[in-house]
Every structure is written in structure tokens, then in C-alpha cells.
Amino acid sequence: MTLTGNWSYPNAIRFGAGRIAELSEACAQAAITKPLLVTDRGLAGLPITKVALDIMEAAGLGRGLFAEVDPNPNEKNLAAGVEAYKAGGYDGVIAFGGGSGLDLGKMVAFMAGQTRPVWDFEDIGDWWTRADIDAIAPIVAVPTTAGTGAEVGRASVITNSQTHEKKIIFHPNVLPSVVICDPELTVGMPKPITAGTGLDAFAHCVEAFSSPHYHPMSQGIALEGMRLVKQYLPRVYADGSDIEARAQMMSAAIMGATAFQKGLGAIHAMSHPIGAVFNSHHGTTNAICMPAVLDFNADTIRQRLDMAAAYLGIEGGFAGFSVFVQELNDQLGIPRTLAEIGADPLRIDELAEMAIQDPSCGGNPVGLNVASFKALFQRCM
């Protein structure tokens, strides 16, 4: 089977090895004639970014670059990006990289034409209707990791640098016009990033599948996404040059982000404040929290994960699934505690207060409160 395709769900996706060569065509499809490529500092000087800039320049699109993006991007990064966008006279954004580059790139395109502060567009009620739709610039997304699925998302996560809270900024038109998913761009990912991003995709699928909301399409996508991660993440962790496994993990990332329209839960509600306060890697943090959250939700999700385990070829139903999760974490070198990635156990009360306010709580299958989050953080420390 050739792992190449042109998809129109949930947006226009050009999937396959080597398809970064189509970057200029993707810009034309999105009606972008002078793009600003937004990525993070770590990627800015790497060969894959130079390749993208060279393709842009050869097509007469310039080589505009903004790379002042932190691992957990904040409103300061956003303001600098918007300033660069306006100063350069750009008419669209190429969001390039992992979750941080994709999230900030999407927000630069969104905020460059708005007059209200970014926090006025938080994913609360109908706040998104405050935006000037006509002022949102077109976006081409090019993921270089396989985890967040931000390339198929209608929102970005931006950290408030003053309060250390992660905020979800939402608008339907933030969904990129065109996506290029080229697994060759992910070959250079270090093992820890391969593991962390892959387990982020897995967390999206697990939480979406466990969410009590009704969305059969997301349910099916989440189940198959879990299977792809189970089969291909250990393979690509062992051999980063395995293009088939890289491609399948890029598919799993897209599937996880599509599925979690059904809802997320306590895993993400815990991971967001840890990342905002201690600047931890999001996917790795999710992986550390997952075993405790599965146990917390066990009575409610047991029957559902019994079915998932059978589909995934895991013996023992829910119990076997839980064992598999911890064994996969161990196999991929994931720490067992949040303290090992820099979280301070003395700040559990603060973290619990932040977690209960996270919108991810709404998809958890069991009701949450501050006390339950304190217990969960304590267990994960």
C-alpha cells in the first residue's frame, strides 16, 4: 500500500513522503502570495526549514521567517509574530513545526487583523463570534512532528505569561486551508520527542474514546488511532528512519485531533497547568498522567475499554489495557512521576485550582473537583 493521498477531511490534506515539494502549490491553493513561515527557535536553523524556505523563494514567495516561538507559546510570542507579519506586508502564514509552531502560526494569521486582545477569543460560549472573520489570514500548515494534530484543529493553546494559565483560543476559520503531511520531515525527531508526541496522539484518542458525549464518528476514529499508535510508535521509536511507521504516526496524530472534538478529560486538564507553570513537554506530561486518570475513571470506562482492548489485541480487557499503557510508557523512556520532569509537589493546591478551570474537564467521564485533582496530582508526583 502506498501511503500517499489527497484528503478533504477535516480539511484539505496532501499526505505523503516528499510532498513538502508542493509547498508553493499549497500556498497558491490557499491564495497566499507572500507567506510568513512561523516556526519555533529549535527548528529555525534545521535543514527541513531551509528546504521549505528554499521552495518558497524559488516560487517567488520570498523567504519570510518568524521563529521567536517558545515551547509553550505565549501572548508575548504572539505579539512579536503579529508585528513581524504586519511589518513584512505578508498575506498568509505557513505554520511549520510541532504544536508550538503550528499553534502560534495559526494565531498570528488570526490576530494580525483583529482589534481586540487575544484573550477575548477564548473558547468560551460564543466568544469566537467577536472576531472579524474577513481579517483572518489564510493558513498552510506543515507539521514536523506526529502528535498534537494542530494541523487539523480550529484552535490554538496559548499560555498567559502573567497567570501561567494555558488558554484555548478558538475560531472555525483558524482551521488551516491546506495541510502538507510529509513523514520525511519527522525523520530527524529525537527519540524523546518521537515518544512524547506519539503519546500525545494516543492520549487524544484514549480521552476522546472515553468521553461520555455522543459522537460515533469520533469514537471510530479514536479507536483506529489507538491501534496505529500501538502498532507503529514502538517501531518508529526503535528506528527513526522507518518511513512507513512515521507516516502511520502522522495519520494517528491527525486522527487524534479529529476525534477529540468528542471531548478530552482529566489527562489534559492536568497536563495544561503543568506545562504552563513548569514548561514541560505536553505529550510527555500527558503520558505520565494517563495511568492515574485511567484508574480514577475505571468504574465508568471499564466496559468501553474492554471493547477497545479486544480490538487492539490486548488481553485482559480494561485491566490489560491499563497494564499496556504503563508498559508502553516504560518502553519509550517516559518518566513515572511529574517530579522527574520538574514539577514541584509543594504546588499541588495551585495546580488543582488551575486544572478544575481547564475546559478539558468537560469531556471527562467522571465528575471532577479540586479535591479529586489534588489526589491525582499527588499520585502522579
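Heads up: the structure comes first, above all this text.
Residues numbered from 1 in each chain as written. Predicted model: local features only at pLDDT ≥ 70, side-chain atom pairs only at ≥ 80, totals over all residues. Heavy atoms only, no water.

Looking at the sheet that holds strand 4 (residues 64-66)
Alright, step 1. With mixed pairing, the seven strands of this open sheet are ordered in space as 1-2-9-6-5-3-4. Of all strands in the sheet, those with a lone pairing partner are strand 1 (5-7) and strand 4, marking the two edges. Strand-to-strand twist in this sheet, taken as the mean axis angle between neighbours without regard to direction, amounts to 20 degrees.
Alright, step 2. Across two bridges, strand 6 (residues 139-143) lies against strand 9 (residues 178-181) in parallel orientation. Across the sheet, the residue bridging to Val 140 is Val 178, located in strand 9.
Alright, step 3. Packed on one face of the sheet, helix 4 (residues 75-88) meets strand 3 (35-38), strand 4 and strand 5 (92-97) and runs near 165 degrees to strand 4.
Alright, step 4. Here helix 8 (residues 243-259) sits on the sheet and contacts strand 1, strand 2 (12-15), strand 6 and strand 9; the angle it forms with strand 2, its principal contact strand, is near 165 degrees. (Pairing = 2+ DSSP bridges. Helix = DSSP H or I, 4+ residues; strand = E, 2+ residues; numbered from the N terminus. Axes fitted to C-alpha atoms, helices over the stretch in contact; angles between N-to-C directions. Contact = heavy atoms within 4.5 Å.)

Focus: helix 3 (residues 47-58)
Alright, step 1. Between the first and last C-alpha of helix 3 there are 16 Å, a value that for 12 residues agrees with the 16 Å anticipated at 1.5 Å per step.
Alright, step 2. Along helix 3, the residues that are buried comprise Thr 49, Ala 52, Leu 53, Ile 55 and Met 56. An end-on view of helix 3 places all buried positions within 155 degrees of arc, on one side of the element. Relative to its buried face, helix 3 has exposed residues pointing more than 90 degrees away, namely Pro 47 and Ala 58.
Alright, step 3. The inward-facing, buried residues of helix 3 contact helix 1 (23-29), strand 3, helix 2 (41-44), strand 4 and strand 5.
Alright, step 4. Downstream of helix 3 by a residue or two, Gly 60 has a phi angle that is positive, lying close to 80 degrees. (Expected span 1.5 Å × (residues − 1). Buried < 20%, exposed > 50% of the residue type's maximum accessible area, 1.4 Å probe, protein only. Arc of directions from axis to C-beta.)

Regarding the state of the cysteines
Alright, step 1. If you walk through the whole model with that rule in mind, you get zero disulfides.
Alright, step 2. Just so you know, Cys 181 is unpaired, no disulfide at all, and the nearest cysteine sulfur is the one on Cys 205, 14 Å from it.
Alright, step 3. You can see Cys 289 has no disulfide; the closest cysteine sulfur is in Cys 380, sitting 4.5 Å from it. (Disulfide = S-S within 2.5 Å.)

Remarks on the packing of helix 9 (residues 266-278) against helix 10 (residues 282-296)
Alright, step 1. Relative to each other, helix 9 and helix 10 sit at 135 degrees, their axes nearing to 8 Å. Considering the angle they form, helix 9 stands oblique to helix 10. For the pair helix 9 and helix 10, the crossing hand works out as right-handed. Counted together, Ala 266, Ile 267, His 268, Met 270, Ser 271, His 272 and Ile 274 of helix 9 and His 282, Thr 285, Asn 286, Cys 289, Met 290 and Val 293 of helix 10 form the full contact between these two elements.
Alright, step 2. Partitioned by chemical class, the residues of the contact of helix 9 with helix 10 number seven nonpolar, six polar and no charged. (Parallel < 35°, antiparallel > 145°, perpendicular 65-115°, else oblique. Left-handed = near helix turned anticlockwise from the far one by under 90°. Nonpolar A, V, L, I, M, F, W, Y, C, P; charged D, E, K, R; others polar.)

As for the pairing of strand 3
Alright, step 1. Of the two faces of strand 3, the one carrying Pro 35 and Leu 37 and the one carrying Leu 36 and Val 38 are both buried.
Alright, step 2. In the sheet, strand 3 pairs with strand 5 via four bridges, with the strands oriented parallel. The residue of strand 5 that forms the bridge with Leu 36 is Val 93.
Alright, step 3. Relative to strand 4, strand 3 is paired through three bridges, and the arrangement is parallel.

A short note on the side chain of Gln 219
Alright, step 1. One can find Gln 219 in helix 7 (residues 216-238).
Alright, step 2. Look past the residues within four positions of Gln 219 in its chain and what remains in contact with it is Ala 208, Phe 209, Lys 262 and Arg 304.

Overview of the pairing of strand 8 (residues 165-170)
Taken residue by residue, a regular strand's side chains alternate between the two faces of the sheet.
Alright, step 1. Strand 8 sits mainly inside the fold: six of its six residues count as buried.
Alright, step 2. Every second residue of strand 8 is oriented toward a common face, with Glu 165, Lys 167 and Ile 169 on one face and Lys 166, Ile 168 and Phe 170 on the other, all of them buried.
Alright, step 3. Direction of pairing for strand 7 (residues 155-160) relative to strand 8: antiparallel, over a ladder of six bridges. Along strand 8, the bridge assignment pairs Ala 155 with Phe 170.
Alright, step 4. Once strand 7 ends, the chain turns through four residues before running back antiparallel as strand 8, passing His 164 with a positive phi of about 60 degrees.

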